[in-house]
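Examining the three-dimensional arrangement
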Amino acid sequence: MVRAVGDGAMRVADLLKSGHPVIWDCEVCRRTGPADLTAIAEAKGPLYSLANRRPRCRQPGCAGRVRFRIRRGLWHSDLDTIPFASDAWWAYQETERDRLKAAGYRLVDGHWLPS
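The text that follows walks through the structure, step by step, so that each part is easy to find.

Relative to strand 3 (residues 66-72), strand 1 (residues 22-26) runs antiparallel, the two being bridged by five bridges. When the sheet's bridge partners are listed, Trp24 is paired in strand 3 with Phe68. Of the strand pairs in this sheet, strand 3 and strand 4 (residues 75-78) are connected by four bridges, and their pairing is antiparallel. Each bridged residue has a counterpart across the sheet, and for Arg69 the counterpart in strand 4 is Asp78. The hairpin turn running from strand 3 into strand 4, its antiparallel successor, is two residues long, and Gly73 in that turn takes a positive phi close to 80°.

All right, on to the sheet that holds strand 3 then. Pairing is antiparallel in the open sheet, where four strands are placed in the order 2-1-3-4. Looking at the sheet topology across the chains shown, the edges are occupied by strand 2 (32-34) and strand 4. Mean inter-strand twist for the sheet, computed between neighbouring axes without regard to direction, equals 35°. Alignment of strand 1 against strand 2, held across three bridges, turns out to be antiparallel. Following the sheet pairing, Ile23 is matched in strand 2 by Pro34.

Here we come to the pairing of strand 1. With five of five residues buried, strand 1 lies mostly within the body of the structure. Of the two faces of strand 1, the one lined by Val22, Trp24 and Cys26 and the one lined by Ile23 and Asp25 are each fully buried. Connecting strand 1 to the antiparallel partner strand 2 that follows it, the hairpin turn spans five residues, and Arg30 within it adopts a positive phi of roughly 65°.

Looking only at helix 2 (residues 37-44), the buried set comprises Leu37, Ile40 and Ala41. All buried residues of helix 2 fall inside an arc of 100° around its axis, so they share one side. With respect to the buried face of helix 2, the exposed residues turned more than 90 degrees away are Glu42 and Ala43. Gly45 occupies a position one or two residues after helix 2 and carries a positive phi of about 105°.

A separate point is the pattern of salt bridges. Where side chains of opposite charge bring their charged atoms close, a pairing between them can arise. Going through the model one piece at a time under the given rule, you end up with 10 salt bridges. In this structure, the salt-bridge partner of Arg65 is Glu96, at a minimum N-O distance of 3.5 Å. You can see Arg65 sitting in the loop between helix 2 and strand 3 and its partner Glu96 sitting in helix 3 (residues 87-102), a full 31 residues away along the chain. Take Arg65 and Glu96: they sit in the same class, and that class is buried. Members of the salt-bridge network, linked through shared partners, are Asp25, Arg67, Arg69 and Asp78.

Rules and cut-offs
Residues numbered from 1 in each chain as written. Predicted model: local features only at pLDDT ≥ 70, side-chain atom pairs only at ≥ 80, totals over all residues. Heavy atoms only, no water. Pairing = 2+ DSSP bridges. Helix = DSSP H or I, 4+ residues; strand = E, 2+ residues; numbered from the N terminus. Axes fitted to C-alpha atoms, helices over the stretch in contact; angles between N-to-C directions. Buried < 20%, exposed > 50% of the residue type's maximum accessible area, 1.4 Å probe, protein only. Arc of directions from axis to C-beta. Salt bridge = Lys/Arg side-chain N within 4 Å of Asp/Glu carboxyl O.

The values are spatial; any link to function lies outside them.
What follows is the structure, encoded as structure tokens:
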């Protein structure tokens, strides 16, 4: 069972205890990979939450940001607590769109591509 802290976000320690795989998923290059929860807990502490975090993608040449997802059963679920299409979600989307455009990216058929 994965517990949530007061705001609904799951702590890294709880994710480690649950044994459910957690992945990172880049919004630009569309790559995914396993999140190293042990390293995150060592660097940020066991009470750190991955919800609503968007660190930069570490793939060479990618200007994207990653989100974290947990796998329970067949599907991955976002760890975010911000509801889809809420004011906070739209604010993030607009900020990220402006940042990527300034970095020389353009949106084509729902995918960010370098100009």
